[in-house]
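# Structural features, examined
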Amino acid sequence: MKNVQETAEKIRTMEIRGAGRIAKAAAEAIRDYASGLEADSIEEFAARIREVSDYLISTRPTAVSLPNAVKLSSRFSSNNVEEARQEIITNSNLFIERADRALGRIGKIGSRRVQDGDVIMTHCNSHAALSIITTAFEEGKKISVIATESRPRRQGLLTVRHLNGFGIPTTLIVDSAVRYYMKDVDKVIVGADAIAANGALVNKIGTSQLALAAHEARKSFMVAAETFKFSPSTILGIPIEIEERSADEVVDPSILADLPHVQVKNPAFDFTPAEYIDMIVTDIGIIPPAMAYTVIKEHLGWEIGEI
Ligand code: RI2
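All values reported here derive from a predicted model rather than from experimental measurement. (Residues numbered from 1 in each chain as written. Predicted model: local features only at pLDDT ≥ 70, side-chain atom pairs only at ≥ 80, totals over all residues. Heavy atoms only, no water.)

Another point: the site of the ligand. Near the ligand there are 19 residues, and of these Arg17, Gly20, His127, Asp193 and Asn203 occur at the shortest range. Take Asp193: an N or O atom from its side chain is 2.6 Å from an oxygen atom of the ligand. When isolated, the ligand has an accessible area of 450 Å², and the protein chains bury 100% of it. At the level of secondary structure, the elements contributing two or more residues to the shell around the ligand comprise helix H2 (19-36), helix H6 (127-138) and strand E6 (201-204). (Near = heavy atom within 4 Å. Polar contact = N/O pair within 3.5 Å; in protein donor to acceptor, adjacent residues only side chain to side chain. Areas by Shrake-Rupley, 256 points an atom, 1.4 Å probe, with all protein chains shown as cover. Helix = DSSP H or I, 4+ residues; strand = E, 2+ residues; numbered from the N terminus.)

Below you can see the structure in the form of structure tokens.
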């Protein structure tokens, strides 16, 4: 349980972050917990696995990759504790392998839509979006990137450091400069924390203003998302919850101390409607947002949304 608590804390504090990495870390935590779990009966085994699963899922509410990873990893059908344990270990390892492979496939598929000379705008720090950008660059395309700072956690600094490591010419801008620079951009590529059954994207706060500015300027807006970022619960009518994080991330609490009429809001994500999205690059190919329902039903599996 100690390892699970450590992983949960790292996810909560964002030491482990990025929807894909969160999912992998949760799958590893379930696998390791199941490996060492001593239980006298299958009922006890199942109850402990469920408890740990719920605990991990509660750490961050928005990235659907987290419950998807936990549910796919913790599935078992046997009534024998040892067999059930093995099923969980196998399912978790399978999920982790697929997640790693998915990033490579998204990079390869998405890079075909990047042209030599493209200026690409990206937001926050998405490993899936970066996989497309770095793959295109490694294929020899002379591209450059405009990266947003992504207040308040400034994950854009991780992005520019990553791109700099590849030698990709990169410009860092503040979030409010997005529309000002859109005229210089050929395409926008962002990641996803969740995709709803209607094709709407949930991603880092500010993503929808990139989409709006790209739409106005007739620039292509691409989303890079593994299939485990699609939300089965949305088919069941359950909305995706937007995480509200601490005000301390936005402003030093001492500044607010003598401002009794001021409140701070800090939503971590926003919704981008499907009509602003040109394509979603997934590990099973490029799809229009209208195909989200099919991905959930036929690829991810409807039953993992059941509660
Ligand atoms: P990958 C991140 O959320 C960003 O919103 C990013 O676009 C998304 O996860 C997907 O990231 P946060 O964890 O899975 O920084 O593509 O809140 O790495």
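Let's shift gears to the packing of H6 against helix H7 (residues 156-166). Taken N-terminus to C-terminus, the directions of H6 and H7 make an angle of 15°; their axes are 11 Å apart at the nearest point. With respect to H7, the element H6 is oriented roughly parallel. The interaxial crossing formed by H6 with H7 has right-handed handedness. Taken together, the residues of H7 that come into contact with H6 (itself represented by Leu130, Ile133, Thr134, Phe137 and Glu138) are Thr159, His162, Leu163 and Phe166. (Axes fitted to C-alpha atoms, helices over the stretch in contact; angles between N-to-C directions. Parallel < 35°, antiparallel > 145°, perpendicular 65-115°, else oblique. Left-handed = near helix turned anticlockwise from the far one by under 90°. Contact = heavy atoms within 4.5 Å.)

On the surface, Ile255, Leu259 and Val262 cluster together into a nonpolar patch covering about 240 Å² of accessible area. Looking at where Ile255 falls in the secondary structure, it is placed in helix H10 (residues 253-256). Residue classification places Ile255 among the partly exposed residues on the basis of a relative accessible area of 48%. (Patch = residues over 30% accessible without salt bridge, like charges linked within 9 Å, V, L, I, M, F, W, Y side chains within 5 Å. Salt bridge = Lys/Arg side-chain N within 4 Å of Asp/Glu carboxyl O. Buried < 20%, exposed > 50% of the residue type's maximum accessible area, 1.4 Å probe, protein only.)

On to the sheet that holds strand E2 (residues 144-148), then. Strand order across the open sheet formed by seven strands is E3-E2-E1-E4-E7-E9-E10, with mixed pairing between neighbours. Sheet topology places strand E3 (170-173) and strand E10 (285-287) at the edges, where each strand pairs with a single neighbour. Ignoring which end each strand starts from, the neighbouring axes of this sheet average 25° apart. In the sheet, strand E9 (residues 279-282) pairs with E10 via three bridges, with the strands oriented antiparallel. By the bridge assignment for E10, Ile280 is matched with Ile287. Contacting strand E1 (119-122), E2 and E3, H7 runs over the sheet at an angle of about 170° to E3. (Pairing = 2+ DSSP bridges.)

Glancing now at the pairing of E1. The alternating pattern of E1 places Val119 and Met121 on one face and Ile120 and Thr122 on the opposite face, and all of these are buried. Examined bridge by bridge, E1 and strand E4 (residues 187-190) share two bridges and lie parallel to one another. By the bridge assignment, Ile120 is partnered in E4 with Lys187.

Before going further, it helps to examine the packing of aromatic side chains. Remark: the centre distance and the inter-plane angle together describe each pair of aromatic rings, the angle taken between the planes. Counting across every chain of the model gives three aromatic pairs. Between the aromatic rings of Phe45 and Phe76, the centroid separation amounts to 5.5 Å while the plane-to-plane angle is 75°, which identifies the pairing as edge-to-face. Here the residue Phe45 occupies a position in helix H3 (residues 42-57), and Phe76 occupies one in the loop between helix H4 (65-73) and helix H5 (81-111), the gap between them amounting to 31 residues. Exposure remark for Phe76: the relative accessible area of 25% places this residue in the partly exposed category. Taking the centre distance of 5.1 Å and the plane angle of 90° together, the rings of Tyr180 and Tyr181 count as edge-to-face. Assessed through its relative accessible area of 28%, Tyr181 is described here as partly exposed. (Phe/Tyr/Trp six-rings, centres within 6.5 Å; stacked < 30°, edge-to-face > 60°.)

Turning our attention to the environment of Ala39. In this structure, Ala39 sits in the loop between H2 and H3. Taking C-alpha positions, Ala39 is 9.7 Å from Glu82, a pair spaced 43 residues apart along the chain.

Okay, the environment of Thr282 next. Relative to the helices and strands, Thr282 is located in strand E9. Taking C-alpha positions, Thr282 is 27 Å from Tyr181, a pair spaced 101 residues apart along the chain. Engagement of the side chain of Thr282 in a polar contact is seen with the backbone oxygen of Gly285, the distance being 2.7 Å.

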